[in-house]
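Listed below, chain by chain, are the residues.
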Amino acid sequence: MTIKNNRRPWIGGNWKMFKTIPEALDTFQELKAGLPDPLQAEVIIAPPFTALSALARVIQDGPVRLAAQNVHWAEDGAFTGEISTRMLVDVGCTYCLIGHSERRHVFGETDNQVHQKLATCLKTGLKPVLCLGETLEEREEGRIQAVIERQLLKAVEGVSPEDMARGVVAYEPVWAIGTGRSATPAQAQEVHAFIRGLLQTRFNKTLALETRIVYGGSVTPDNIRDLRSQTDIDGALVGGASLKADKFLALIKEVNQ
Ligand code: PEP
(Lines give C-alpha, C1' and ligand atoms only; values in the text may rest on other atoms or scores of the structure.)
Protein backbone atom coordinates (compact mmCIF):
# COMPACT_ATOMS: atom_id res chain seq x y z
CA MET A 1 0.00 0.00 0.00
CA THR A 2 1.21 3.49 -0.80
CA ILE A 3 0.97 5.59 2.32
CA LYS A 4 1.67 9.16 1.35
CA ASN A 5 2.93 11.25 4.23
CA ASN A 6 1.18 8.88 6.67
CA ARG A 7 -2.16 9.47 5.02
CA ARG A 8 -4.18 6.27 5.16
CA PRO A 9 -5.91 5.65 1.80
CA TRP A 10 -9.64 6.26 1.86
CA ILE A 11 -12.38 5.09 -0.50
CA GLY A 12 -16.09 5.74 -0.22
CA GLY A 13 -19.04 4.39 -2.19
CA ASN A 14 -21.93 6.81 -2.54
CA TRP A 15 -25.01 4.75 -3.36
CA LYS A 16 -27.17 7.87 -3.82
CA MET A 17 -30.91 7.07 -4.17
CA PHE A 18 -30.32 3.46 -5.18
CA LYS A 19 -30.94 0.16 -3.37
CA THR A 20 -33.70 -1.14 -1.16
CA ILE A 21 -32.69 -2.70 2.16
CA PRO A 22 -32.31 -6.26 0.73
CA GLU A 23 -30.36 -4.91 -2.24
CA ALA A 24 -28.05 -2.94 0.05
CA LEU A 25 -27.48 -5.99 2.26
CA ASP A 26 -26.70 -8.20 -0.75
CA THR A 27 -24.18 -5.72 -2.13
CA PHE A 28 -22.55 -5.36 1.27
CA GLN A 29 -22.23 -9.14 1.77
CA GLU A 30 -20.63 -9.49 -1.66
CA LEU A 31 -18.31 -6.62 -0.86
CA LYS A 32 -17.33 -8.05 2.49
CA ALA A 33 -16.54 -11.44 0.98
CA GLY A 34 -14.16 -9.92 -1.55
CA LEU A 35 -12.29 -7.34 0.53
CA PRO A 36 -8.51 -7.46 0.18
CA ASP A 37 -6.59 -9.00 3.05
CA PRO A 38 -4.85 -7.15 4.61
CA LEU A 39 -7.17 -4.22 4.22
CA GLN A 40 -5.34 -1.07 5.11
CA ALA A 41 -7.46 1.44 3.25
CA GLU A 42 -10.44 2.94 5.00
CA VAL A 43 -13.57 1.72 3.17
CA ILE A 44 -16.84 3.61 3.55
CA ILE A 45 -20.29 3.04 2.14
CA ALA A 46 -22.97 5.72 2.03
CA PRO A 47 -26.29 3.96 1.43
CA PRO A 48 -29.68 5.67 1.45
CA PHE A 49 -30.94 6.56 4.95
CA THR A 50 -33.46 3.69 4.86
CA ALA A 51 -30.71 1.05 4.67
CA LEU A 52 -28.45 2.47 7.39
CA SER A 53 -29.95 0.59 10.30
CA ALA A 54 -29.94 -2.83 8.60
CA LEU A 55 -26.38 -2.30 7.37
CA ALA A 56 -25.19 -1.14 10.79
CA ARG A 57 -26.28 -4.50 12.22
CA VAL A 58 -24.25 -6.54 9.72
CA ILE A 59 -21.27 -4.19 9.54
CA GLN A 60 -20.77 -4.25 13.34
CA ASP A 61 -17.06 -4.19 14.11
CA GLY A 62 -15.96 -5.09 10.59
CA PRO A 63 -13.60 -2.96 8.56
CA VAL A 64 -16.22 -1.12 6.51
CA ARG A 65 -17.65 2.09 7.99
CA LEU A 66 -21.00 3.71 7.33
CA ALA A 67 -21.58 7.22 6.04
CA ALA A 68 -24.76 9.20 5.56
CA GLN A 69 -25.23 11.11 2.32
CA ASN A 70 -26.65 14.22 3.93
CA VAL A 71 -27.79 15.66 7.25
CA HIS A 72 -29.62 18.68 8.62
CA TRP A 73 -27.60 21.39 10.37
CA ALA A 74 -29.84 21.80 13.41
CA GLU A 75 -29.33 19.56 16.41
CA ASP A 76 -33.07 18.86 16.52
CA GLY A 77 -36.34 20.71 15.98
CA ALA A 78 -39.42 21.01 13.83
CA PHE A 79 -37.84 20.12 10.49
CA THR A 80 -40.20 17.66 8.87
CA GLY A 81 -38.42 15.14 6.69
CA GLU A 82 -34.93 15.93 7.97
CA ILE A 83 -32.38 13.81 9.85
CA SER A 84 -30.04 15.07 12.58
CA THR A 85 -26.40 14.29 13.28
CA ARG A 86 -27.35 12.63 16.59
CA MET A 87 -29.69 10.30 14.72
CA LEU A 88 -26.89 9.38 12.35
CA VAL A 89 -24.48 8.63 15.17
CA ASP A 90 -27.24 6.65 16.87
CA VAL A 91 -27.83 4.52 13.78
CA GLY A 92 -24.11 3.75 13.45
CA CYS A 93 -22.66 6.29 11.02
CA THR A 94 -19.02 7.26 11.30
CA TYR A 95 -18.96 9.72 8.40
CA CYS A 96 -21.37 12.06 6.65
CA LEU A 97 -21.05 13.52 3.16
CA ILE A 98 -21.38 17.28 3.30
CA GLY A 99 -22.02 19.55 0.33
CA HIS A 100 -22.16 16.84 -2.33
CA SER A 101 -22.61 18.52 -5.71
CA GLU A 102 -26.08 17.02 -6.12
CA ARG A 103 -27.07 18.67 -2.83
CA ARG A 104 -25.58 21.97 -3.93
CA HIS A 105 -26.80 21.99 -7.52
CA VAL A 106 -30.01 19.96 -7.51
CA PHE A 107 -31.28 21.02 -4.09
CA GLY A 108 -29.77 24.50 -3.89
CA GLU A 109 -27.63 23.93 -0.80
CA THR A 110 -25.57 27.05 -0.06
CA ASP A 111 -22.00 27.44 1.18
CA ASN A 112 -23.42 28.64 4.47
CA GLN A 113 -25.63 25.58 4.90
CA VAL A 114 -22.64 23.38 4.11
CA HIS A 115 -20.73 25.24 6.80
CA GLN A 116 -23.51 24.76 9.35
CA LYS A 117 -23.78 21.06 8.55
CA LEU A 118 -20.04 20.58 8.89
CA ALA A 119 -20.01 22.37 12.24
CA THR A 120 -22.89 20.28 13.59
CA CYS A 121 -21.25 17.04 12.41
CA LEU A 122 -18.04 17.93 14.21
CA LYS A 123 -19.92 18.89 17.37
CA THR A 124 -21.72 15.54 17.40
CA GLY A 125 -18.68 13.41 16.60
CA LEU A 126 -19.55 12.59 12.99
CA LYS A 127 -16.62 12.84 10.60
CA PRO A 128 -17.42 15.10 7.66
CA VAL A 129 -16.51 14.30 4.06
CA LEU A 130 -16.49 17.82 2.70
CA CYS A 131 -17.23 17.84 -1.03
CA LEU A 132 -15.93 20.70 -3.16
CA GLY A 133 -15.99 21.24 -6.89
CA GLU A 134 -16.47 23.67 -9.72
CA THR A 135 -19.01 23.55 -12.55
CA LEU A 136 -17.90 23.32 -16.17
CA GLU A 137 -18.78 26.96 -16.68
CA GLU A 138 -16.66 27.99 -13.70
CA ARG A 139 -13.75 25.90 -15.03
CA GLU A 140 -14.04 27.40 -18.49
CA GLU A 141 -14.11 30.89 -17.03
CA GLY A 142 -10.86 30.17 -15.16
CA ARG A 143 -12.53 30.37 -11.76
CA ILE A 144 -11.62 26.93 -10.36
CA GLN A 145 -9.39 28.22 -7.57
CA ALA A 146 -11.76 31.03 -6.60
CA VAL A 147 -14.68 28.60 -6.32
CA ILE A 148 -12.76 25.97 -4.37
CA GLU A 149 -11.32 28.60 -2.03
CA ARG A 150 -14.75 30.13 -1.40
CA GLN A 151 -16.39 26.74 -0.74
CA LEU A 152 -13.60 25.49 1.52
CA LEU A 153 -13.03 28.62 3.58
CA LYS A 154 -16.74 29.15 4.20
CA ALA A 155 -17.27 25.50 5.14
CA VAL A 156 -14.49 25.52 7.74
CA GLU A 157 -15.27 28.93 9.25
CA GLY A 158 -14.55 28.75 12.99
CA VAL A 159 -13.31 25.14 12.81
CA SER A 160 -10.18 24.29 14.83
CA PRO A 161 -7.29 22.27 13.35
CA GLU A 162 -8.07 19.47 15.84
CA ASP A 163 -11.63 19.20 14.56
CA MET A 164 -10.62 19.53 10.93
CA ALA A 165 -8.19 16.64 11.39
CA ARG A 166 -11.21 14.33 11.74
CA GLY A 167 -12.52 15.16 8.29
CA VAL A 168 -11.83 14.13 4.71
CA VAL A 169 -11.99 16.49 1.75
CA ALA A 170 -13.38 15.28 -1.58
CA TYR A 171 -12.61 17.18 -4.76
CA GLU A 172 -15.51 16.41 -7.05
CA PRO A 173 -15.72 18.57 -10.17
CA VAL A 174 -19.42 18.89 -10.94
CA TRP A 175 -18.87 18.22 -14.66
CA ALA A 176 -17.24 14.88 -13.87
CA ILE A 177 -19.92 13.46 -11.58
CA GLY A 178 -22.03 10.77 -13.21
CA THR A 179 -20.99 11.92 -16.69
CA GLY A 180 -18.40 9.30 -17.58
CA ARG A 181 -15.96 12.19 -18.07
CA SER A 182 -13.40 12.01 -15.29
CA ALA A 183 -10.87 14.77 -14.64
CA THR A 184 -7.47 13.77 -15.97
CA PRO A 185 -4.94 12.83 -13.29
CA ALA A 186 -3.11 16.11 -13.96
CA GLN A 187 -6.30 18.21 -13.69
CA ALA A 188 -7.24 16.50 -10.44
CA GLN A 189 -3.73 16.72 -8.99
CA GLU A 190 -3.58 20.45 -9.68
CA VAL A 191 -6.72 21.10 -7.66
CA HIS A 192 -5.76 18.65 -4.89
CA ALA A 193 -2.43 20.45 -4.47
CA PHE A 194 -4.29 23.76 -4.37
CA ILE A 195 -6.64 22.43 -1.66
CA ARG A 196 -3.68 21.18 0.38
CA GLY A 197 -2.13 24.63 0.09
CA LEU A 198 -5.34 26.23 1.30
CA LEU A 199 -5.43 23.88 4.29
CA GLN A 200 -1.88 24.88 5.13
CA THR A 201 -2.68 28.59 4.96
CA ARG A 202 -5.97 28.30 6.84
CA PHE A 203 -4.82 25.74 9.44
CA ASN A 204 -1.19 24.59 9.49
CA LYS A 205 1.33 22.49 7.61
CA THR A 206 0.82 19.35 9.67
CA LEU A 207 -2.92 19.41 9.16
CA ALA A 208 -2.43 20.01 5.44
CA LEU A 209 -0.02 17.09 5.15
CA GLU A 210 -2.23 14.75 7.15
CA THR A 211 -5.63 15.47 5.60
CA ARG A 212 -6.94 12.90 3.13
CA ILE A 213 -8.03 14.61 -0.09
CA VAL A 214 -9.89 12.17 -2.31
CA TYR A 215 -11.04 12.55 -5.89
CA GLY A 216 -14.59 11.91 -7.11
CA GLY A 217 -16.12 12.08 -10.56
CA SER A 218 -16.55 9.10 -12.91
CA VAL A 219 -13.89 7.01 -11.19
CA THR A 220 -13.73 3.53 -12.71
CA PRO A 221 -11.42 0.51 -12.55
CA ASP A 222 -9.85 1.88 -15.76
CA ASN A 223 -8.79 5.29 -14.46
CA ILE A 224 -8.27 4.80 -10.72
CA ARG A 225 -4.63 3.75 -10.91
CA ASP A 226 -3.47 6.88 -12.72
CA LEU A 227 -5.53 9.13 -10.49
CA ARG A 228 -4.29 7.44 -7.34
CA SER A 229 -0.66 7.68 -8.46
CA GLN A 230 -0.80 11.47 -8.12
CA THR A 231 0.99 12.92 -5.09
CA ASP A 232 -2.02 14.56 -3.50
CA ILE A 233 -4.76 12.06 -4.36
CA ASP A 234 -5.37 9.86 -1.33
CA GLY A 235 -8.31 7.83 -2.55
CA ALA A 236 -11.69 8.20 -4.17
CA LEU A 237 -15.34 8.98 -3.61
CA VAL A 238 -17.22 6.80 -6.05
CA GLY A 239 -20.83 6.93 -7.19
CA GLY A 240 -21.88 4.76 -10.14
CA ALA A 241 -18.97 2.33 -9.97
CA SER A 242 -19.65 1.58 -6.29
CA LEU A 243 -23.13 0.19 -6.91
CA LYS A 244 -21.88 -3.19 -8.11
CA ALA A 245 -19.71 -5.04 -5.60
CA ASP A 246 -17.29 -6.44 -8.18
CA LYS A 247 -16.51 -3.00 -9.63
CA PHE A 248 -16.22 -1.38 -6.22
CA LEU A 249 -13.92 -4.19 -5.08
CA ALA A 250 -11.67 -3.60 -8.09
CA LEU A 251 -11.41 0.05 -7.00
CA ILE A 252 -10.82 -0.84 -3.35
CA LYS A 253 -7.96 -3.14 -4.40
CA GLU A 254 -6.32 -0.34 -6.35
CA VAL A 255 -6.61 2.13 -3.49
CA ASN A 256 -5.40 -0.49 -1.00
CA GLN A 257 -2.09 -1.15 -2.73
C1 PEP B 1 -20.41 10.91 -6.48
O2 PEP B 1 -21.61 10.76 -6.45
O3 PEP B 1 -19.82 11.38 -5.50
C4 PEP B 1 -19.68 10.53 -7.68
C5 PEP B 1 -18.40 10.80 -7.75
O6 PEP B 1 -20.40 9.91 -8.68
P7 PEP B 1 -19.80 9.15 -9.97
O8 PEP B 1 -18.66 8.28 -9.50
O9 PEP B 1 -20.94 8.34 -10.51
O10 PEP B 1 -19.32 10.19 -10.93
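Residues numbered from 1 in each chain as written. Predicted model: local features only at pLDDT ≥ 70, side-chain atom pairs only at ≥ 80, totals over all residues. Heavy atoms only, no water.

Undergrad: I'm lost on the overall build of the protein in this one. Help?
TA: Of the regular secondary structure elements, the protein holds twelve helices and eight strands. Taking 18 Å as the expected radius of gyration for a compact globule of 257 residues, we find that the protein reaches 17 Å, a close match to that expectation. Scored against the burial criterion, the 257 residues of the protein give a buried share of 54%. Across the protein, every contact between residues at least 6 apart in sequence was considered, and the portion connecting residues at least 24 apart equals 73%. Distance from the positive charge centre (29 side chains) to the negative charge centre (31 side chains) of the protein: 3 Å. (Helix = DSSP H or I, 4+ residues; strand = E, 2+ residues; numbered from the N terminus. Rg over C-alpha atoms; globule rule 2.2 N^0.38 Å. Buried < 20%, exposed > 50% of the residue type's maximum accessible area, 1.4 Å probe, protein only. Contact = heavy atoms within 4.5 Å. Lys, Arg positive; Asp, Glu negative; His and termini not counted. Charge placed at Lys NZ, Arg CZ, Asp CG, Glu CD.)

Undergrad: I would appreciate a short explanation of the pairing of strand β7 (residues 213-216) in the present structure.
TA: For a regular strand, side chains alternate in direction, first toward one face of the sheet and then toward the other. By the alternation rule, side chains of β7 split into I213 and Y215 and V214 and G216, which are all buried. Sheet topology note: the strand β6 (residues 168-171)/β7 ladder contains three bridges and is parallel. Residue pairing across strands places V169 opposite I213, the latter belonging to β7. The pairing of β7 with strand β8 (residues 235-238) spans two bridges and is classified as parallel. The partner of Y215 across the bridge, within β8, is A236. (Pairing = 2+ DSSP bridges.)

Undergrad: Explain the side chain of N14 to me, please; I cannot follow it from the model alone.
TA: Secondary-structure assignment places N14 in strand β1 (residues 10-14). Among the residues examined, N14 registers a relative accessible area of 5% and is labelled buried. A polar side-chain atom of N14 sits 3.0 Å from the main-chain amide nitrogen of K16. Aside from chain neighbours lying at most four places away, what touches N14 is A46, Q69, L97, H100, L237, V238, G239 and S242. (Polar contact = N/O pair within 3.5 Å; in protein donor to acceptor, adjacent residues only side chain to side chain.)

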